[in-house]
Amino acid sequence: MTNGGQRPDASGFHIENEMDLLFGRAHPNPTREGCPPAELLTRLAHRELPIGDPAYDHIGKCSPCYQELRAIQQADAARLASAARRKRLTYAAAAVLVLAITGSWFVVRQTGGLGGRTDASIAQVEQDVLLDLRPFAVTRGPEPAKEPDALVLPRGRLRATILLEVGSEPGDYEIQIRDANQQPRASATGRAMIVDFVTTLKTSLDTSTLPPGSYHLAVRRQGESWRLVPAQLR
Ligand SMILES: [Zn+2]
């Protein structure tokens, strides 16, 4: 085995472990006595020869060859790592894309169109809302109830399930959403029935054209007086 012309580039060699520290420095071989050709060194670096191959012996006795061999291995490792990193980045980018697609799909579903949360798009979506009037100390007349917090109503076409206050009779009801001036801005009718011991009324309410703000939900059984509950439209 002789010095085979163009040598592998050892400049990328760096010390990673005690073997590198020892064999990379212990045997300077300035005349490159007995060094294998570059092609064989590359095969050794890639572990393409059986572990007992005598060519390995030289590597343990020649620090320049050891450095060349390790530089090839370290470059391979760096390439693999960056390929793995690229692969991870590709997966990450794909995941972001999936999120972006499902996210925009969700937004489209939410608003019923691509035009944002306009009144027109709100109107296309039916939303189920549960309005529980039972906790309210319902007043009769225009005085708002003091407690608890106002009902929260979304804007849109609402499929409302209204749980009426305890003691409410089943029958035909009128429902209004009144503004701060007690003017009805939306209205509906529905028949209340007792479901699981609760007087329950299902109806449709369209709040899509109303601006957000403070309102009252007004409810009365036909022929009786209105009962008012504060409501926030959002
Ligand atoms: Zn050598």
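Structure's up top.
Scoring rules and cut-offs
- Residues numbered from 1 in each chain as written.
- Predicted model: local features only at pLDDT ≥ 70, side-chain atom pairs only at ≥ 80, totals over all residues.
- Heavy atoms only, no water.
- Helix = DSSP H or I, 4+ residues; strand = E, 2+ residues; numbered from the N terminus.
- Buried < 20%, exposed > 50% of the residue type's maximum accessible area, 1.4 Å probe, protein only.
- Contact = heavy atoms within 4.5 Å.
- Areas by Shrake-Rupley, 256 points an atom, 1.4 Å probe, with all protein chains shown as cover.
- Donors = N, O, S within 2.8 Å, 3.2 Å for Na, K, Ca; no water.
- Tetrahedral: all angles 85-135°; square planar, octahedral: opposite > 155°, others 65-115°.
- Salt bridge = Lys/Arg side-chain N within 4 Å of Asp/Glu carboxyl O.
- Phe/Tyr/Trp six-rings, centres within 6.5 Å; stacked < 30°, edge-to-face > 60°.
- Pairing = 2+ DSSP bridges.
- Arc of directions from axis to C-beta.

**Some remarks on the overall build of the protein**
Tallying secondary structure elements over the protein gives five helices and nine strands in all. From first element to last, N terminus to C terminus, the protein shows the α and β order α-α-α-α-α-β-β-β-β-β-β-β-β-β. Across the 234 residues in the protein, those meeting the buried criterion constitute 37%. Looking at the protein alone, contacts between residues at least 24 apart form 67% of all its contacts between residues at least 6 apart. For the protein, the accessible area works out to roughly 14200 Å², and carbon and sulfur atoms hold 57% of it.

**A few points about the coordination of the zinc ion**
Looking at the zinc ion, the protein donor atoms are Cys35 (SG), His58 (NE2), Cys62 (SG) and Cys65 (SG), and they sit 2.0 to 2.2 Å from it. For the zinc ion, the four donor atoms in the first shell make angles of 103 to 114 degrees at the metal, a pattern classed as tetrahedral. All donors of the zinc ion belong to a single chain; written as a sequence motif, their spacing is C-x22-H-x3-C-x2-C. Take histidine 58: its relative accessible area is 13%, and that puts it in the buried class. Judged by relative accessible area, which is 0%, cysteine 65 ranks as buried.

**Digging into the pattern of salt bridges**
Taken as a whole, this structure holds 14 salt bridges when the rule is applied. For arginine 32, the salt bridge is made with glutamate 68, and the minimal N-O distance between the two is 3.0 Å. One end of the pair, arginine 32, is in the loop between helix H1 (18–23) and helix H2 (38–45); the other, glutamate 68, is in helix H4 (residues 63–111), and 36 residues separate them in sequence. Arginine 32 gets classed as buried once you look at its relative accessible area, which sits at 15%. Among the residues examined, glutamate 68 registers a relative accessible area of 3% and is labelled buried.

**Focus on the packing of aromatic side chains**
By the definition in use, this model includes two aromatic pairs. Both rings, one in phenylalanine 13 and one in tyrosine 66, keep their centres 6.4 Å apart while their planes meet at 80 degrees; by these two values the pair is edge-to-face. Placement of phenylalanine 13 in the segment before H1 and of tyrosine 66 in helix H4 is noted, with a sequence separation of 53 residues between them. Of the two residues examined, phenylalanine 13 and tyrosine 66, each falls in the buried class. An angle of 35 degrees between the planes, with centres 5.7 Å apart, marks the rings of phenylalanine 23 and tyrosine 66 as tilted. Taken as a pair, phenylalanine 23 in helix H1 and tyrosine 66 in helix H4 lie far apart in primary sequence, 43 residues in all.

**Points about the environment of alanine 192**
Along the chain, alanine 192 turns up in strand E6 (residues 184–195). You can call alanine 192 buried: its relative accessible area is 2%. Leave out the neighbours within four places in its chain, and alanine 192 touches Leu164, Glu169, Pro170, Gly171, Tyr173, Thr199, Thr200 and Leu201.

**Some details on the pairing of strand E8 (residues 213–221)**
The pairing of strand E5 (residues 171–178) with E8 spans six bridges and is classified as antiparallel. If you follow isoleucine 177 over to E8, its bridge partner there is leucine 217. With seven bridges connecting them, E8 and strand E9 (residues 227–233) associate as antiparallel partners. Residue histidine 216 lies in a different strand from E9, and its bridge partner there is proline 230. What sits between E8 and E9 in their antiparallel hairpin is a turn of five residues, with glycine 223 showing a positive phi close to 90 degrees.

**Some remarks on unusual backbone geometry**
Look at arginine 32: it is not a glycine, yet its phi comes out positive at around 55 degrees. Positive phi values are uncommon outside glycine, yet aspartate 196 reaches one of about 50 degrees. Counting through the fold element by element, aspartate 196 comes out in the loop between E6 and strand E7 (198–206). Judged by relative accessible area, which is 68%, aspartate 196 ranks as exposed.

**Digging into H2**
Side chains of residues three or four places apart in an α-helix project in the same direction, reflecting 3.6 residues per turn. Residues Ala38, Leu40, Leu41, Leu44 and Ala45 constitute the buried set of H2. All buried residues of H2 lie within an arc of 160 degrees about the axis, which places them on one face of the element. Residue arginine 47 follows H2 closely and has a positive phi angle near 55 degrees.

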